[in-house]
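# Tertiary structure, described
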Amino acid sequence: QVQLVESGGGLVQPGGSLRLSCAASGSIFIIYTMGWYRQAPGKQRELVAVITNGGSTNYADSVKGRFTISRDNAKNTVYLQMYSLKPEDTAVYYCNVEAVDYSASKVDSWGQGTQVTVSS
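Scope of this entry: the structure provided in the associated data block. (Residues numbered from 1 in each chain as written. Predicted model: local features only at pLDDT ≥ 70, side-chain atom pairs only at ≥ 80, totals over all residues. Heavy atoms only, no water.)

### Looking at the pairing of strand β1 (residues 2-7)
Within a regular strand, side chains alternate between the sheet's two faces. With burial as the criterion, only one face of β1 is covered, namely that bearing Val-2, Leu-4 and Glu-6; the residues Gln-3, Val-5 and Ser-7 on the opposite face remain uncovered. Summarising the sheet, β1 and strand β3 (residues 18-26) pair through six bridges and their orientation is antiparallel. Pairing of Leu-4 across the sheet is with Ala-24, part of β3. (Buried < 20%, exposed > 50% of the residue type's maximum accessible area, 1.4 Å probe, protein only. Helix = DSSP H or I, 4+ residues; strand = E, 2+ residues; numbered from the N terminus. Pairing = 2+ DSSP bridges.)

Quick look at the structure:
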């Protein structure tokens, strides 16, 4: 069992910045991919950014150059630094972790979601 706790969402004006955090805990042997997804009202959940345990990253085209994903393996934590936020970035942001637990089972865990609202 892997638990994820997200933080850092909120209301910000267009052009502003926010930093999301997601800490994983539980029976974790190794974490492979950590990522952020988002879901706006009436839309499907979409990938925002992912990072592997080797540090490779992948971003949605809509956030390239504005968002940065990073991770602290010692803390089992992934971050999403968001700059130059736009109203279209408004969504619930979900953390996702792909890991293997101590029973050698693959785990695909999701956080509870944190609201990001970009509005003046």
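### A short note on the nonpolar core
Core analysis: the largest hydrophobic core is formed by 32 residues, its most contacted members being Trp-36, Leu-80, Met-82 and Tyr-93. When residues of this core are traced back to their parent elements, those giving at least two are β1, β3, β4 (28-39), β5 (46-51), β7 (67-72), β8 (77-82), β9 (91-101) and β11 (114-118). Looking at this core, the element that brings in the most residues is β9, giving five residues. In contact with Met-82, other than residues within four places in its own chain, are Gly-16, Ser-17, Leu-18, Leu-20, Arg-66, Phe-67, Tyr-93 and Val-116. (Core = buried A, V, L, I, M, F, W, Y, C linked by side-chain atoms within 4.5 Å. Contact = heavy atoms within 4.5 Å.)

### Focus on the pattern of salt bridges
Overall, the coordinates contain four salt bridges when judged by the stated rule. We note a salt bridge from Asp-89 to Arg-38, for which the minimum N-O separation is 3.0 Å. Placement of the pair is Asp-89 in the loop between β8 and β9 and Arg-38 in strand β4, with a sequence separation of 51 residues. For the pair Asp-89 and Arg-38, a shared accessibility class is recorded, and that class is buried. (Salt bridge = Lys/Arg side-chain N within 4 Å of Asp/Glu carboxyl O.)

### Remarks on the packing of aromatic side chains
For the coordinates displayed, the defined rule picks out two aromatic pairs. If you follow Arg-19 out to its NZ or CZ, it ends over the ring of Tyr-79, 4.1 Å from the centre. Of note, Arg-45 hangs over the ring of Tyr-94, and the distance from its end group to the ring centre comes to 3.7 Å. (Phe/Tyr/Trp six-rings, centres within 6.5 Å; stacked < 30°, edge-to-face > 60°. Lys NZ or Arg CZ within 6 Å of the ring centre and 35° of its normal.)

### With respect to the pairing of β4
The pairing of β4 with β9 spans nine bridges and is antiparallel. Residue Ile-31 lies in a different strand from β9, and its bridge partner there is Ala-99. As consecutive antiparallel partners, β4 and β5 are separated by six residues, and within that stretch Gly-42 has a phi angle of approximately 80 degrees, a positive value.

### Describing unusual backbone geometry
Among all residues except glycine, the phi angle is most often negative; among peptide bonds, the trans geometry is most common. With a phi angle near 50 degrees, Asn-76 is a residue other than glycine that sits in the positive phi range. Position of Asn-76 relative to the elements: it lies in the loop between β7 and β8. Judged by relative accessible area, which is 24%, Asn-76 ranks as partly exposed. Within the chain, Ser-84 stands out as a residue other than glycine whose phi angle is a positive 50 degrees.

### Notes on the sheet that holds β3
With respect to topology, four strands assemble into an open sheet ordered β1-β3-β8-β7, the strand pairing being antiparallel. At either margin of the open sheet sits one strand with a lone partner, and together these are β1 and β7. Taken pair by pair, the neighbouring strands of this sheet meet at an average axis angle of 15 degrees, ignoring direction. (Axes fitted to C-alpha atoms, helices over the stretch in contact; angles between N-to-C directions.)

### A look at the environment of Gly-15
For Gly-15, the location among the structural elements is in the loop between β2 (10-12) and β3. When the C-alpha positions of Gly-15 and Ser-84 are compared, they lie 4.1 Å apart, and in sequence the two are 69 residues distant. If near-sequence neighbours (up to four positions away) are discounted, Gly-15 is found in contact with Ser-84 and Leu-85.

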